[in-house]
Amino acid sequence: MRSFISKILIFLLSIFPALLRAENGEKYEKKAAKYSSFWQKMIPRYTKLQFAGSMGMLSLGTGWNYGKNHWETDLLLGIVPRNSNDRAMASFTLKQNYIPWQIPIKNQFYFEPLSCGIYINTLLDREFWIKNPDKYPKRYYTFSTRIRTHVFLGERLTIKFKNPKSWYHSISVFYEISTCDLYLISAIPNSYLKPKDYLSLSFGLKWQIL
């Protein structure tokens, strides 16, 4: 009996390292797959170019779409050209888009009748500030000159390419009408202001790469 038990113990001890290696290998493969999936999601899915929109005369950036392509997150770097009283400046924009519908038109063309969302823009310049500088009395300014929050509505027209070897999947052209928090605060009590005083029109291109 003791001999039989000893043989079983020896057998279990002999296969335990192999089971442990197999388990560790499986865990490693799962971790590697999860790690790879994470970095795959971090790769930008498209490039976007936008003209105007209170984020600079011209903005270029990249972004990610998800949620069955109904949601997009953009990171844009813009340029504000110098005028007669100032110098050129850079701006940075974080933008969240929502596109609820895509309607087929003909062949490879699709119409997106509503594109809406919100974006936060900041000027990368020391002359603009978030908190009221010490040189001004407390609460002299009740708003930040560096950060603006915008809302927008727009439409898009997209052409999708069927060539699987193409380095881009689709190209979209769009326009957007936007306004910011400061403009809205000014427009509500001042009825003499016209839409052109507090609304901005912008145009853009989007190249879907992945």
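Above: the structure in question.
Residues numbered from 1 in each chain as written. Predicted model: local features only at pLDDT ≥ 70, side-chain atom pairs only at ≥ 80, totals over all residues. Heavy atoms only, no water.

**Focus: the pattern of salt bridges**
- Taken as a whole, this structure holds 6 salt bridges when the rule is applied.
- Taking the shortest distance from any N to any O, the salt bridge between R148 and D181 comes out at 2.9 Å. Of the two residues, R148 is situated in strand β7 (residues 147–160) and D181 in helix α2 (residues 181–187); the sequence distance between them amounts to 33 residues.
- A residue is classified by how much of its surface remains accessible, and R148, at 15% relative accessible area, is buried. (Salt bridge = Lys/Arg side-chain N within 4 Å of Asp/Glu carboxyl O. Helix = DSSP H or I, 4+ residues; strand = E, 2+ residues; numbered from the N terminus. Buried < 20%, exposed > 50% of the residue type's maximum accessible area, 1.4 Å probe, protein only.)

**Quick word on the packing of aromatic side chains**
- Applying the stated criterion to the full structure yields 2 aromatic pairs.
- Ring plane angle 40° and centroid distance 4.6 Å describe the contact between W71 and Y98, whose orientation is recorded as tilted. Remark: Y98 occurs in strand β4 (residues 89–98) and W71 occurs in strand β3 (residues 71–80); sequence separation between them is 27 residues.
- Judged by its relative accessible area of 37%, W71 falls in the partly exposed class.
- Exposure remark for Y98: the relative accessible area of 30% places this residue in the partly exposed category.
- Ring centres 5.9 Å apart and planes at 45° place the aromatic pair Y119 and F152 in the tilted group. You can see Y119 sitting in strand β6 (residues 109–123) and its partner F152 sitting in strand β7, a full 33 residues away along the chain. (Phe/Tyr/Trp six-rings, centres within 6.5 Å; stacked < 30°, edge-to-face > 60°.)

Nothing here speaks to function; it is all geometry.
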